[in-house]
Amino acid sequence: MNILLITSDQQHWRTLGQNNPEIQTPALDKLAAQGATFTRAYCPNPTCTPTRSSMITGKYPSQHGAYSLGTKLPESEATLGEHLQAAGYRTALIGKAHFQPLQSTEAYPSLESYPILQDLDFWQDFQGPFYGFDHVELARNHTDEAHVGQHYALWMEEKGLLNWRDYYLQPTGHVVEQRRKWLIPERFHYNAWIAERSKALISDYRDQDRPFFLWASFFDPHPKYLAPEPWDTMIDPTEITVPGPSPGEHDNNPPQLQLTQTADPDFSDWQEANGSGCHGFHSHLHDRGELAEDIACYYGMISCMDKYIGQIIDHLDQLGLAEDTLVVFTSDHGHYFGQHGLIAKGAFHYDDGIRVPMIARLPGQIPAGHISHSLQSLVDYAPTFLGFCGIDIPEEMTGVDQGAVWRGDESEARDHLIVENRHQPTTLHLKTYIDDRYKLTLYFNRDYGEIYDLRDDPGEVRNRYAEGDLRVRLTEAMLRAEMLKEEPLSDEGLRLPNKSAAMYVKSANKGGYGINFDPAIDRYELFDLADDPSRSKNLWTNGAYSDTRADMIRALLFNRWGMEPLWMPRVSGA
């Protein structure tokens, strides 16, 4: 079994032709017709480094260590590629990695940082290993960013574009500004590079008769909005839908959401001392006409990328590998283009930012044309891929094997999922719990939050966090989900030194009360420590203590969040 993983970057879940008639994605629509589309796929974190690291470790960001942009995935973390290599696989990544930050320090060195990312002599000789990939060809720039370099710059020179700096921003290049139209010829666009190199590797692996895992990792449609001709003008901005906020929708929302809709907001309460900024914490007020043109370019970027995705898949099929290759398409996180008045991305957990497009194809195993509404998380990819390949799934992987759901044998593999976002080490830490109907977002050590009924309010415009009974029920469910994610009780785990079943009982004391939770048997206990210091009378089901119970659930939940390790600081903004 081969695996071909194709990803975009920052693509809204409703930007495929099959669910949005305003955009053209014939290659991905064809893939969907040949496989299954998953309508409720979510990222484990709405930024690049944490989610991409989760995809190759099968762990949440709070577990693998790359908790935010500006951090790195520890090299000590076991990865999907390493498990596949042990089974005889060739593994490769072409395009965007972003497992490491743009700044390198002595304590936390990064290969994806200045100045090494533009040391072309280094990249001429380096093609791995890198996080379980025995072969990598990398770039770090989105569109014309000055971060251009690495293998992509070498490829442009090999193709004869010796003046490639003329198409990139200063100080690396010579460009001062480009808007929407990227003057680089399409044949030198990084989409063409990713497609060409991916096809070459697939051919090599076929000739070697070796199973492979290839990640073709595209950069678009991550802003800025920039596309080569003719893709920059293929969509008429006057004929597309421009989303916007509903009147009053932020009146009862957390303060940072309200501030985004003001002209000169003060976000200093969320600023960390290290200086690394909060993505999205600025004014999101915008001109509707300009936004329409941005959306049109965004759609054009997706359509251009779709062309080259189609080339890769067509090449795979022409080599006769379709029956033996699991092909999966998704994006690392979502994108805002006016929804809720927001632009681009940030620490906002509406579906627009955390939900992603997802398609999986495997002829003979995944039913063609199937539409699944099951909950999917990108943290499930590593265990699911191993399951399809018949390789034992390591116990330390927190994600679940979705193989039976992808094949259509079962309707669901999980009844909830978690989206994390520790964007700042201490000032901005939120998590979201999602089940079949509801979504709860809590903010570490903050009194506010969000609850949306995704069935009756799919647009997420009515925050029901003030409804006490619903808030308590969902917070209890979130606590249970967090505890089971944190330390699953297993026979193998109990055999580890200094482990016992008793260690899995979580406790917190606050304001004269104590709470215990045993996730193994789903048992809660609440004690009044002043009147009952021996903890003999469990008050959990006593209705007179409902408010105390709600307060203690949050206390225990935040207690556990606060214990999540921070193995490194944020050393840069990305």
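Please read these numbers as outputs of a predicted model, since none were measured by experiment.

## Details of the overall build of the protein
Then, number 1: Across its full length, the protein holds 15 helices and 20 strands.
Then, number 2: Once the C-alpha set of the protein is aligned to its principal axes, its extents read approximately 80 × 55 × 50 Å.
Then, number 3: By residue count, 60% of the 574 residues in the protein fall in the buried class.
Then, number 4: In the protein, 69% of the contacts between residues at least 6 apart in sequence involve partners at least 24 apart.
Then, number 5: Taking the 50 positively charged and 82 negatively charged side chains of the protein as two groups, their mean positions are separated by 2 Å.

## Some details on the sheet that holds strand 15 (residues 430-435)
Then, number 1: Here four strands make up an open sheet; going across it, the order is 14-15-16-17 and the pairing antiparallel. Pairing within the sheet leaves two strands with one partner each, and these edge strands are strand 14 (416-421) and strand 17 (449-453). Direction aside, the axes of adjacent strands within the sheet are offset by 10 degrees on average.
Then, number 2: In the packing of helix 15 (residues 546-562) onto the sheet, the strands contacted are strand 15 and strand 16 (438-443), and the crossing angle to strand 16 comes to about 65 degrees.

## Quick look at helix 6 (residues 150-158)
Then, number 1: Of all nine residues making up helix 6, seven are buried, and the element is well covered by its neighbours.
Then, number 2: Considered for burial, the residues of helix 6 that qualify are Q150, H151, Y152, A153, L154, W155 and M156.
Then, number 3: Buried positions along helix 6 lie against helix 5 (120-125), strand 4 (135-139) and helix 7 (190-208).
Then, number 4: Positive phi shows up at G160, right after helix 6, with a value of about 100 degrees.

## What about the pairing of strand 8 (residues 325-331)?
Then, number 1: Where burial is concerned, most of strand 8 is hidden: seven out of the seven residues are buried.
Then, number 2: Side-chain alternation along strand 8 places T325, V327, F329 and S331 on one buried face and L326, V328 and T330 on a second face that is also buried.
Then, number 3: Two strands pair when backbone bridges link them, and strand 8 and strand 12 (residues 358-361) are joined in this way by four bridges, in the antiparallel orientation. Residue F329 lies in a different strand from strand 12, and its bridge partner there is I359.

## Looking at the packing of aromatic side chains
Then, number 1: In the structure shown here, the tally under the stated rule is 41 aromatic pairs.
Then, number 2: Consider the rings of W164 and Y168, whose centres lie 6.2 Å apart with planes at 75 degrees: the pair is edge-to-face. Here W164 matches Y168 in class, with each residue buried.
Then, number 3: An angle of 45 degrees between the planes, with centres 6.4 Å apart, marks the rings of Y298 and Y299 as tilted. The same class applies to Y298 as to Y299, namely buried.
Then, number 4: These aromatic residues form a ring-pair network of at least three members: F38, F99, F130, Y131, F133, F213, W215, Y381, F385, F388 and W406.
Then, number 5: Seen from the ring of F388, R407 lies directly overhead, with NZ or CZ sitting 4.2 Å from the centre.

Reading guide: rules and limits
- Residues numbered from 1 in each chain as written.
- Predicted model: local features only at pLDDT ≥ 70, side-chain atom pairs only at ≥ 80, totals over all residues.
- Heavy atoms only, no water.
- Helix = DSSP H or I, 4+ residues; strand = E, 2+ residues; numbered from the N terminus.
- Buried < 20%, exposed > 50% of the residue type's maximum accessible area, 1.4 Å probe, protein only.
- Contact = heavy atoms within 4.5 Å.
- Lys, Arg positive; Asp, Glu negative; His and termini not counted.
- Charge placed at Lys NZ, Arg CZ, Asp CG, Glu CD.
- Pairing = 2+ DSSP bridges.
- Axes fitted to C-alpha atoms, helices over the stretch in contact; angles between N-to-C directions.
- Phe/Tyr/Trp six-rings, centres within 6.5 Å; stacked < 30°, edge-to-face > 60°.
- Lys NZ or Arg CZ within 6 Å of the ring centre and 35° of its normal.

By themselves, these are just geometric observations and shouldn't be taken as functional.
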